[in-house]
Amino acid sequence: KYLYSGGFKGESTFEWMRSVTGTQDWQELDCKGDSYLATADDLNHWLRCMVTPANDKGVKGEPVVVANEQVVLSAKWKNELWKFLIEGQKAFNVLDLSGEAHLLSLL
């Protein structure tokens, strides 16, 4: 979320991007809202959002870019994943954002 000032808030725009390096090669993501839920595709990437504020009269302000650190698995989830791999599990059922299950095979 961001803090808006300068009259009544209008239709601000949000452009979410992902990068392998965090300095260049930014690719636009299919998200135009004011929040983004990171996915497995974002692991080991950097995310940023460019917000262009606008008031209720359509006057746009200067774009502001907000970036994060590299997206990584927490130590807890890394340990869980390694435990499964060490035990020999090579496939996982993964739910997508709609709740549909897909088989992810590591082979």
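Further up the page is the structure itself.
So, a few notes on the structure that sits alongside this text. (Residues numbered from 1 in each chain as written. Predicted model: local features only at pLDDT ≥ 70, side-chain atom pairs only at ≥ 80, totals over all residues. Heavy atoms only, no water.)

**Concerning the overall build of the protein**
The following threshold applies: In this description a helix means any DSSP run of H or I spanning at least four residues, a strand means any run of E spanning at least two, and both kinds are numbered starting from the N terminus. When we talk radius of gyration, it's over C-alpha atoms, and the globule rule is simply 2.2 Å times the number of residues to the 0.38. Partly exposed describes any residue whose relative accessible area lies between the buried limit of under 20% and the exposed limit of over 50%, with all areas from a 1.4 Å probe on protein chains only and scaled to the type maximum. Every residue pair with non-hydrogen atoms within 4.5 Å of one another is taken to be in contact. When charges are counted, neither His nor the chain ends are considered; positive counts come from Lys and Arg and negative counts from Asp and Glu. Every charge is mapped to an atom, namely NZ of Lys, CZ of Arg, CG of Asp or CD of Glu.
Along the protein, the regular secondary structure elements total one helix and six strands. From first element to last, N terminus to C terminus, the protein shows the α and β order β-β-β-β-α-β-β. A compact globule built from 107 residues should have a C-alpha radius of gyration of about 13 Å, whereas the protein, at 18 Å, is more than 25% larger. Once the C-alpha set of the protein is aligned to its principal axes, its extents read approximately 60 × 30 × 25 Å. Per-residue burial over the protein gives 20% buried out of 107 residues. In the protein, the proportion of contacts linking residues at least 24 apart, taken out of those at least 6 apart, comes to 41%. Side chains of the protein give 11 positive and 15 negative charges; the mean places of these two sets differ by 4 Å.

**Points about the pattern of salt bridges**
Quick reminder of the rule: Whenever Lys or Arg places a side-chain nitrogen within 4 Å of a carboxyl oxygen from Asp or Glu, that contact is recorded as a salt bridge.
Applying the stated criterion across every chain yields a total of three salt bridges. Residues R18 and D42 are paired through a salt bridge, measuring 2.5 Å at the closest nitrogen-oxygen approach. One end of the pair, R18, is in strand β1 (residues 13-19); the other, D42, is in the loop between β2 (27-28) and β3 (46-52), with 24 residues separating them in the sequence. Both residues of the pair, R18 and D42, belong to the buried class. Put simply, K32 and E28 hold a salt bridge, and the shortest N to O gap is 2.2 Å.

**Comments concerning helix α1 (residues 75-86)**
What counts is decided by this rule: Expected span, for any helix, means 1.5 Å times one less than how many residues it has.
Compared with the 16 Å implied by 1.5 Å per residue over 12 residues, the 16 Å span of α1 between its first and last C-alpha is a close match. Just downstream of α1 lies G88, where phi reads positive at about 100°.

**Re the nonpolar core**
The tendency in soluble globular proteins is for nonpolar side chains to be buried side by side. The cut-off we apply is this: Take the buried Ala, Val, Leu, Ile, Met, Phe, Trp, Tyr and Cys residues and link them wherever side-chain atoms come within 4.5 Å; each set so joined is a nonpolar core.
Counting eight residues, the largest nonpolar core is built from F14, W16, L29, C31, L47, C49, V51 and V71. Secondary structure elements with two or more residues in this core: β1 and β3. Broken down by element, this core gets its largest block of residues, three residues, from β3. The residues touching C31, leaving out its near neighbours within four places in the chain, are F14, W16 and Y36.

**Details of the pairing of β3**
Put simply, the rule is: Should DSSP find at least two bridges between two strands, the strands are taken to pair.
Bridging between β1 and β3 involves seven bridges; their strand directions are antiparallel. By the bridge assignment for β3, T13 is matched with T52. Note: β3 against strand β4 (residues 64-67), four bridges, orientation antiparallel. Considered in β4, the bridge of V51 is made with V64.

**Thoughts on the sheet that holds β1**
The antiparallel open sheet is built from four strands, whose spatial order is β2-β1-β3-β4. Where the open sheet ends on each side, the last strands, each with one partner, are β2 and β4. One ladder, built from two bridges, connects β1 with β2; its direction is antiparallel. Note on β2: the bridge partner recorded for M17 is E28.

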